[in-house]
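Each chain is listed here by its residues.
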Amino acid sequence: MNYEIKVLEPTDLWYIQNNINPETNKFYHPTKNIPFVQQVEINLNNSGVIIQKGALHWCMGKLTFGVYKTDNRLKDMWVSLTTEMDYNAPVYQGTGTVKLEPRQKGHFLHYTPIELLDAQQWEFDDQEFQRWYPPRDLSVESIPNRQSKILKPPHLSVGVNLKSKISNLKSIDGIFQFCSDNVVIGAKKLKFRQVAGSTDGRWRIAVKALREQKATVVAATSSPAKIVELKQGEILIADCDLVKGFTKGIEEDYRKLGHFGKGGGEGYVWFYEGKGKLLVCENDAMGLG
């Protein structure tokens, strides 16, 4: 499984129709929005990929398709013991190309590949992003880009449960984007305090590589992410939800710094302890992209 992150630019005809000189205003124009688009292209060669729900734009090739599910007793046992429910998602296998839904300029994502070695397990936040779907009562003519399915969400407010506030927003799995098909996937339920302190939803996706196999997971964040290693005896404390994923062996909690409700002026903060790896977005919520 190979993939490529492409940024598609307007055609020469678009520049002519909008009276823009591409030699001087290819990327920016003071009065026109130049519609660059980001899209993920996955190339399969006798391999398979599991993508997030609702992320397919189109695919072509000698492909078999279906819905990922636990298909043997070993996987069923792992799901029942370590997660609360099975995770269903589209899976494509064979040789060909799979393209995910494009995103308009201003809503690009940063993609981070993660290698899973020999039964290693990662957990990723769920429902990090929201996808914009036009209201059903509007006419097709009044909805730009309806047929192209290009993502164009409205302004997202930090800390607001948009799923309950705006009926036009449909939640999708966020940090986890796609992975090779030699994994086991389940969903874990968060604690009440973790749900209250985050906009990531009630569930977390757990991905585990099959024994004696190497798998690849690609995660996406709104700001650049990096993998840091937490050693035994070390601790990470954050005032915002900047950790988007971690390996098995890391304990996460959302509580106050002191005991008996005393927070020292910080309120509730995120704690990460144990031994393992973390997917960290240091610039999260800074608006730096």
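The following paragraphs examine the structure supplied in this document. Please read all numbers here as calculations on a predicted model, not as lab measurements.

1. Observations concerning the state of the cysteines
Formally, a disulfide is one covalent bond, and it connects the sulfur atom of one cysteine to the sulfur atom of another. Under the criterion given, the structure shown has zero disulfides. Between cysteine 281, a cysteine without a disulfide, and cysteine 240, which holds the nearest cysteine sulfur, the sulfur-to-sulfur distance is 9.6 Å.

2. Describing the side chain of glutamine 38
In this structure, glutamine 38 sits in strand β2 (residues 37-51). One polar contact links the side chain of glutamine 38 to the main-chain amide nitrogen of leucine 109, over a distance of 2.9 Å. Beyond its immediate sequence surroundings of up to four residues, glutamine 38 is in contact with Ile5, Lys6, Val7, Glu101, Pro102, Arg103, Phe108, Leu109 and Tyr111.

3. Considerations on the sheet that holds strand β18 (residues 250-256)
The strand order across the open sheet built from three strands is β16-β19-β18, with neighbouring strands paired in antiparallel fashion. On the outer flanks of this sheet lie β16 (235-238) and β18, each paired with one strand and no other. Taking each pair of neighbouring strands and ignoring which way they run, the sheet shows an average axis angle of 20 degrees. Two elements, β16 and strand β19 (residues 268-274), share four bridges in a ladder whose sense is antiparallel. Note that in β19 the partner of isoleucine 237 across the bridge is phenylalanine 271.

4. Considering the packing of aromatic side chains
Considering all chains together, one arrives at seven aromatic pairs under this definition. With 5.4 Å between their ring centres and 75 degrees between their planes, tyrosine 3 and phenylalanine 178 make a pair best called edge-to-face. Of the two residues, tyrosine 3 is situated in strand β1 (residues 2-8) and phenylalanine 178 in strand β11 (residues 176-180); the sequence distance between them amounts to 175 residues. Between the aromatic rings of tryptophan 122 and phenylalanine 124, the centroid separation amounts to 5.7 Å while the plane-to-plane angle is 10 degrees, which identifies the pairing as stacked. Three or more aromatic residues joined by ring pairs make a cluster, and in this case those are Tyr254, Tyr268 and Trp270.

What counts and how
- Residues numbered from 1 in each chain as written.
- Predicted model: local features only at pLDDT ≥ 70, side-chain atom pairs only at ≥ 80, totals over all residues.
- Heavy atoms only, no water.
- Disulfide = S-S within 2.5 Å.
- Helix = DSSP H or I, 4+ residues; strand = E, 2+ residues; numbered from the N terminus.
- Polar contact = N/O pair within 3.5 Å; in protein donor to acceptor, adjacent residues only side chain to side chain.
- Contact = heavy atoms within 4.5 Å.
- Pairing = 2+ DSSP bridges.
- Axes fitted to C-alpha atoms, helices over the stretch in contact; angles between N-to-C directions.
- Phe/Tyr/Trp six-rings, centres within 6.5 Å; stacked < 30°, edge-to-face > 60°.

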